Amino acid sequence: MTKTKLDQSSSSTPSLKNIFIAATFLKVLLFGAYHSTDFEVHRNWLAITNKLPVREWYTEKTSQWTLDYPPFFALFEYVLSLFVPAVVRADGALDIVEQGTYGWPTIVFQRTTVIVSELVLLGSLQWYIATTKDQSSGSTNDRQARLRAFSIAGSIFLSPGLLIIDHIHFQYNGFMYGILIYSLIAARNQKLLLSGFLFAVLLCFKHIYLYLAPAYFAYLLRVYVLKSVPPTNTKKRQNFGIWPVVGIDWNHTLKLGTAVVGTFVVAFGPFVYYGKQYDLLSRLFPFSRGLTHAYWAPNVWAIYSFIDRAGSFFSKTGATISSTRGIVGDVSFAILPEISPKLTFILTLFYQVLALIPLFLWPTFPRFIAAVTLCGYSSFLFGWHVHEKAILLVIFPFSFLALRDSRLLSTFVPLSVSGYLSLFPLLFTSGETLIKSLYTFVWFVMFHLSFKNLVKVRAYQKHIFLLDRAVLIYMVGFVPLMASSFVLDRIAGGKYEFAYLMAVSVYCAVGVIGSWASFSWLYFFDEELWA
């Protein structure tokens, strides 16, 4: 009797319910915190979609914060506007004006919608836990695998990135990453048609996920559209014997094509019907923006801009360097060659295609997640006008691999820490400084200890992977960096207003680039990791 109870307990599925409840209390307490202009952006989108017919959604420009997300997100805003209470309407939430004026009712309503929409993320992570099995060991007891899944799911749901970006700065990233995770787990569970459909839906919510599309295309083409014959030799299969393609599965091709094309027809069809497709596309892809965002995202171009600024300072050229002013617009360099959108596109595509080659030859699910992660890395490191928030495109897919091997965890740690700390400048008021610092520190300690205890470690890996020591030295460097940057930003009286942003972006860029390099090495040269 006792043994039966223990077996049932060990096979039970951990629940995220308590984490959701605790997180909700914290997020409600943050209702009165600072919010950025993104709050007014989404308030204006509520008004546009509620007051105007569909054909005018992408032409309305009373406010500078015009609608520039794909149609499904516009529909999402419309649905939210249907639930706006009378008191919130009276507060000006649905007024189409140049600059909105609103009070506490609107703030409470919009912040509440962010929390409620995260139920999508919660559901996707719970599905991930419930369908996790210890496939590597072949054990019938999945308790350890479920614990790993629970730890990963908790780290994503309680992500400092989501707290900073969605619940303070204000956006709706949580539920969209929930759709992405649903799509990834559907692929893991061999529901490939569902995976492709969900990713198409996601693209119609936010087009930034186009950066991950190459990995989806290669994987679904290889495992769903093309017919393959698995190697019959078990050893050969483990050593990545290439599965030869013997034909095309036309039934699967028709299903996938119908699901994907049908989704885009539903999303974009009404605007094509009204002849507004060019207005919509011009909003989605504003190529007039400069190389760097409002402040440098921690990528290759942050280091490139820093070198240019340092070189111009020491050479005393006196040239104006717009790339270091934190302004959205054209970027010019004083010493180094100019960077064109075409060059960033070529670099991004080059590194993405490199990741797709092994995926196409050996299409295992772990390699698919790794390819998705590398596509996110490539777009973040080399893309044009990259938003600092796009680092979540890398961190979240990578999270599902972090406990697969201790070397992957050593690569994940500097990425997550540098990625989350690079978001700190988004919150610059004194009250939020304490919140973001304390929350991120608690998150890191809690999940770092959990990951260290749960990660898989092979005997021959101990004491031979030197990245751990380099990571430790790099992490310690954040302490003087954040302290000195904060003091400089607060005390220098505006003379070095960009120094704080520059220091954080450049140092975090070193961590992200180093993580990408070590992850790429493991991806291309350690086949056993992706079996």
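Predicted, not measured: the structure shown is a model, and the values here were computed from it.

### A few points about the UniProt feature "transmembrane region" (unreviewed entry) in the chain
Here is step 1 of the chain: Per the UniProt record, "transmembrane region" (unreviewed entry) is found at residues 149-172, 192-212, 256-274, 343-362, 408-428, 434-451, 471-492 and 498-525.
Here is step 2 of the chain: Secondary structure over residues 256-274 splits into 95% helix and 0% strand, and the C-alpha atoms at its two ends are 27 Å apart.
Here is step 3 of the chain: Between the C-alpha atoms that bound residues 498-525 there is a distance of 40 Å. The span itself is 96% helix and 0% strand.

### Section: a nonpolar patch on the surface
Here is step 1 of the chain: A cluster of nonpolar residues, Phe345, Ile346, Leu349, Phe350, Val353, Leu354, Ile357, Trp521, Phe524 and Phe525, forms a patch on the protein surface that exposes about 1000 Å² of accessible area.
Here is step 2 of the chain: Sorting the residues of the nonpolar patch by element identifies helix H17 (341-361) and helix H24 (499-525) as the ones contributing at least two each.
Here is step 3 of the chain: The element contributing the most residues to the nonpolar patch is H17, with 7 residues.
Here is step 4 of the chain: Tracing the backbone through its elements, the reader meets Phe350 in helix H17.

### Let's talk about the pattern of salt bridges
Should the charged atoms of two oppositely charged side chains come close, the side chains can pair.
Here is step 1 of the chain: Within this structure, the stated rule accounts for 5 salt bridges.
Here is step 2 of the chain: Linking Glu118 and Lys27 is a salt bridge whose minimum nitrogen-to-oxygen distance equals 2.6 Å. Of this pair, Glu118 sits in the loop between helix H6 (104-117) and helix H7 (119-130) while Lys27 sits in helix H2 (residues 17-29); the two residues are 91 residues apart in sequence, bridging distant segments of the chain.
Here is step 3 of the chain: For Glu118, a relative accessible area of 1% translates into the label buried.
Here is step 4 of the chain: Here Arg43 ties to Glu40 by a salt bridge, and the two come within 2.8 Å at their closest N and O atoms.

### Concerning the packing of aromatic side chains
Here is step 1 of the chain: Tallying each qualifying case throughout the model produces 46 aromatic pairs.
Here is step 2 of the chain: Note on Phe20 and Phe157: the rings are 6.0 Å apart at their centroids and 55 degrees apart in plane angle, and the pair reads as tilted. A residue pair is termed long-range when its members are at least 10 positions apart, and Phe20 in helix H2 and Phe157 in helix H8 (residues 143-157) qualify at 137 residues.
Here is step 3 of the chain: Looking at Phe20, the relative accessible area reads 18%, which means it is buried.

### Some points on the side chain of Thr263
Here is step 1 of the chain: As for its position among the elements, Thr263 is in helix H14 (residues 250-273).
Here is step 2 of the chain: Sequence-distant contacts of Thr263, defined by excluding residues within four places in its chain, comprise Phe72, Phe197, Ala200, Val201, Cys204 and Thr258.

### A few points about H2
Here is step 1 of the chain: With 13 residues, H2 extends 19 Å between its outermost C-alpha atoms, agreeing within 8% with the 18 Å of an ideal straight helix rising 1.5 Å per residue.
Here is step 2 of the chain: For H2, every residue scored as buried is listed here: Ile19, Phe20, Ala23 and Lys27. Viewed along the axis of H2, the buried residues span an arc of 95 degrees, placing them on a single side of the element. Across H2 from its buried face, at more than 90 degrees, point the exposed residues Lys17, Asn18, Phe25 and Leu29.
Here is step 3 of the chain: As for H2, its buried residues are in contact with H6, H7, H8 and helix H9 (160-170).

### A few points about the packing of H17 against helix H18 (residues 365-382)
Here is step 1 of the chain: Interhelical geometry of H17 versus H18 gives an angle of 170 degrees and a closest axis separation of 9 Å. One finds that H17 runs roughly antiparallel with respect to H18. Along the contact surface, H17 presents Thr344, Leu347, Thr348, Tyr351, Gln352, Ala355, Leu356, Pro358 and Leu359, while H18 presents Arg367, Phe368, Ala371, Leu374, Cys375, Ser378, Ser379 and Phe382.
Here is step 2 of the chain: Considering only residue class, the contact of H17 with H18 consists of 11 nonpolar, 5 polar and 1 charged.

### Considerations on the side chain of Gln352
Here is step 1 of the chain: By secondary structure assignment, the location of Gln352 is in helix H17.
Here is step 2 of the chain: A polar atom in the side chain of Gln352 sits 3.0 Å from the backbone oxygen of Tyr211.
Here is step 3 of the chain: Sequence-distant contacts of Gln352, defined by excluding residues within four places in its chain, comprise Tyr211, Pro214, Cys375, Ser378 and Ser379.

Parameters at a glance
- Residues numbered from 1 in each chain as written.
- Predicted model: local features only at pLDDT ≥ 70, side-chain atom pairs only at ≥ 80, totals over all residues.
- Heavy atoms only, no water.
- UniProt positions renumbered as here; feature names shortened; annotations may be inferred.
- Helix = DSSP H or I, 4+ residues; strand = E, 2+ residues; numbered from the N terminus.
- Patch = residues over 30% accessible without salt bridge, like charges linked within 9 Å, V, L, I, M, F, W, Y side chains within 5 Å.
- Areas by Shrake-Rupley, 256 points an atom, 1.4 Å probe, with all protein chains shown as cover.
- Salt bridge = Lys/Arg side-chain N within 4 Å of Asp/Glu carboxyl O.
- Buried < 20%, exposed > 50% of the residue type's maximum accessible area, 1.4 Å probe, protein only.
- Phe/Tyr/Trp six-rings, centres within 6.5 Å; stacked < 30°, edge-to-face > 60°.
- Contact = heavy atoms within 4.5 Å.
- Expected span 1.5 Å × (residues − 1).
- Arc of directions from axis to C-beta.
- Axes fitted to C-alpha atoms, helices over the stretch in contact; angles between N-to-C directions.
- Parallel < 35°, antiparallel > 145°, perpendicular 65-115°, else oblique.
- Nonpolar A, V, L, I, M, F, W, Y, C, P; charged D, E, K, R; others polar.
- Polar contact = N/O pair within 3.5 Å; in protein donor to acceptor, adjacent residues only side chain to side chain.

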